[in-house]
Amino acid sequence: MRCRPKTLVLLSLSLLLAACGGGGGGASPPPPPPQPSSVSFADASALWIAQGTIVWPGAASGHTVKLLSAANAGLSIKSDGTVSGADSAVDLGSPGPIPAALASRYPQLSGSIAYTVPTSVINNLKALLKTQLVVMDMNGSTVSRATHLQLQGVLDDTYAAQAVNVPLGPQFSNGVPTFRLWAPTAQAVSITVNGVTTAMSEDPTSGVWGYTGTADMQNSATYTYAVKVYARTDGQMVRTYTTTDPYATGVDAAIPNAMPVQHAVAIDLDSPATYPADWSTQGHSAVTRAADVVLYELHVRDFSANDASVPAEDRGKFLAFTHPQSSGMQHLAGLAAAGLTHVHLLPTYDLGSVPDTGCTTPSITNTDPVSQGPQNTVAATAATDCYNWGYDPRHYGVPTGAYSTDGSALERVRNFREMVIGLHNLGLGVVLDVVYNHTYTNNLDQVVPGYYYRLDSTGKITNTSCCSDTATEYAMVEKLMTDTMVRWTSAYQVDGFRVDVMQNIPLGAMQRAKAAVDAAAGNRFVYTYGEGFPNG
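Rules behind the numbers
- Every chain is numbered independently, its residues counted from 1 as its sequence is written.
- pLDDT decides what is reported in this predicted model: residues at 70 or higher carry local features, side-chain atom pairs at 80 or more are listed and counted, and totals for whole chains, interfaces and linings draw on all residues regardless.
- With hydrogens and water set aside, each side-chain value is computed from the structure's full complement of heavy atoms.
- Only buried residues count toward a nonpolar core. Its members are Ala, Val, Leu, Ile, Met, Phe, Trp, Tyr and Cys residues joined through side-chain atoms within 4.5 Å.
- Summary of the burial criterion: residues with accessible area below 20% of their type's maximum are buried, those above 50% are exposed, and those between are partly exposed, where the area comes from a 1.4 Å probe applied to protein chains only.
- Residue contacts are counted whenever heavy atoms from the two residues lie within 4.5 Å of one another.
- Pairing of aromatic rings covers Phe, Tyr and Trp, the last counted by its six-membered ring, and requires centre-to-centre distances within 6.5 Å; plane angles under 30 degrees mean stacked, over 60 mean edge-to-face, and any other angle means tilted.
- Numbered from the N terminus, helices here are DSSP runs of H or I no shorter than four residues, and strands are runs of E no shorter than two.
- Lysine NZ or arginine CZ positioned within 6 Å of the ring centre and within 35 degrees of the ring normal marks a charge as sitting over the ring.
- Each salt bridge in this description consists of a side-chain nitrogen of Lys or Arg and a carboxyl oxygen of Asp or Glu lying within 4 Å of one another.

Asker: So, the nonpolar core: which residues are in play, and what are the values?
Answerer: Trp-48, Trp-182, Phe-321, Leu-332 and Phe-497 are the most contacted members of the largest nonpolar core, which totals 123 residues. Beyond its immediate stretch of four places on either side in the chain, Trp-48 contacts Thr-53, Ile-54, Leu-67, Val-117, Val-121, Leu-125, Leu-133, Leu-149, Gln-150, Leu-151, Gly-153 and Val-154. Within the second largest apolar cluster, eleven residues are counted, among which are Val-39, Leu-75, Met-138 and Ala-146.

Asker: So what about the packing of aromatic side chains? Which residues, and what values?
Answerer: To describe a pair of aromatic rings, one takes the distance between the centres and the angle between the planes. Throughout the structure, instances matching the rule amount to 18 aromatic pairs. With centroids separated by 5.3 Å and ring planes inclined at 75 degrees, the aromatic side chains of Phe-318 and Phe-416 adopt a geometry described as edge-to-face. Separated by 98 residues along the polypeptide, Phe-318 in the loop between α6 (300–304) and α7 (327–337) and Phe-416 in helix α9 (residues 409–424) bring together distant segments of the chain. When the ring of Phe-416 is compared with that of Tyr-492, the centres are 5.2 Å apart and the planes differ by 80 degrees; the resulting orientation is edge-to-face. Of this pair, Phe-416 sits in helix α9 while Tyr-492 sits in the loop between α10 (475–491) and β27 (496–499); the two residues are 76 residues apart in sequence, bridging distant segments of the chain. Each member of the pair, Phe-416 as well as Tyr-492, is classed as buried. Positioned above the aromatic ring of Tyr-275, the side-chain terminus of Arg-417 is 4.0 Å from the ring centre. Taking the ring centre of Tyr-492 as reference, the NZ or CZ of Arg-417 above it sits at 5.2 Å.

Asker: How would you explain the pattern of salt bridges if you had to name every residue and give the values?
Answerer: With the rule as written, the count across this model stands at 18 salt bridges. Here Arg-498 ties to Asp-433 by a salt bridge, and the two come within 2.9 Å at their closest N and O atoms. Here Arg-498 is found in strand β27, whereas its partner Asp-433 is found in strand β24 (residues 429–434), with 65 residues between them in sequence. Since its relative accessible area comes to 12%, Arg-498 is described here as buried. The salt bridge partner of Arg-498 is Asp-500, with a shortest N-O separation of 3.0 Å. The buried category is assigned to Asp-500, whose relative accessible area is 8%. Taken together, the salt bridges that share partners define one network made up of Asp-350, Asp-356, Arg-394 and Arg-412.

Structure follows, in structure tokens:
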């Protein structure tokens, strides 16, 4: 009888274990709690438009917005607010309307919420602008979204007042060059001159990096810059780019697939070696007002490529204009006598669509009139074809090598000046077709990523012109346009500019560029005009 209670206890325990799922039977254990997901922030939909103001279209009031910075990049954000890789995380001030002065400059942001940037951030701003910068929208403890920042506005607000007055590119004093590059977001910049690399120093007030060379570099030294900088659109990491100089006075022949593809060359445009012998005695255009201008549009290669009266080595080149007895020059002389005043040259700057040396002409065979054969032949040789209109700028202030005798830096300058003399001696003004609305590639992003090009609402480069649209609404892009137009006016004595897709350039920027050109021309009349309709 004493064993019965023990049996009951064991039976009760067995029933209890079965009811709780013990012994391997019954219901499955509850699932683990969900893990926080990664938050993507590859785009750049927020804009830092002034030192004290960040705008994030679509932001919700009542949320907390944090500014994250990472000097070495590598930021990672989880949906629960966990952040890794950040050097700092700062709450932005309370949201409100965009300040009136900024609202008029950025009408496309009308109605968006603006956040105040704390004083502690502004005090450390120049260091922060060299890092990966991301804003994060917190709804309580949950991250609603995150994005990189577009920095053009704050870069202008921080540096432009000083930087616009700094001469950029190689500047010479008694034959000694000082090289200057505007790269305020760079963590380091070095220059390699004739194979020797030297660290450059930054002026923190302007964001300009500088290095002074030696007199033996004049007119011969090749150089490139190495720019260490955070690149959002190139892997969201810190990159080191080897690049030429946007303000180069000379470049050597580009070699596809080489590293680097091209070098800048330290050409002193005021040195006697760059001038033809008769530069100081050349003729000039007698026109003094726009109403008297009569234009003839001309493509440099077309002018003489098939002209047997021009020496073979000069056909299709700048030097074709130095043969006054050639058929082409005699034709222009006749037009000048009949009232022609100016020759408008299709693009003559350093361009990317025609090889500097070694170009080829496709061999087109006679085929059926509706055959695709000729088109296919031309397409197959496009990369090496000698012919293109040339609306593909690489370096705005350098003559193309495609129309010079050998593509070298010094010959480009001398050949172009000799062409100017030939046309001026007929009494004709020289008008350049300039393309400041885009570049051939987005090569300027290797100097100041995210600055030189117009960005859409997600931070992608727009291409309404055809290619990477330049953002001439920002101070240092306007400066690049203005300074190179002034260079063509003063150093090459051109008499006018036809501005491609001028509608894409702000009116104020164009007016200031024209005023600078007129001042550089002195008593000479320079005719500036352009396309007023959009998109080419």
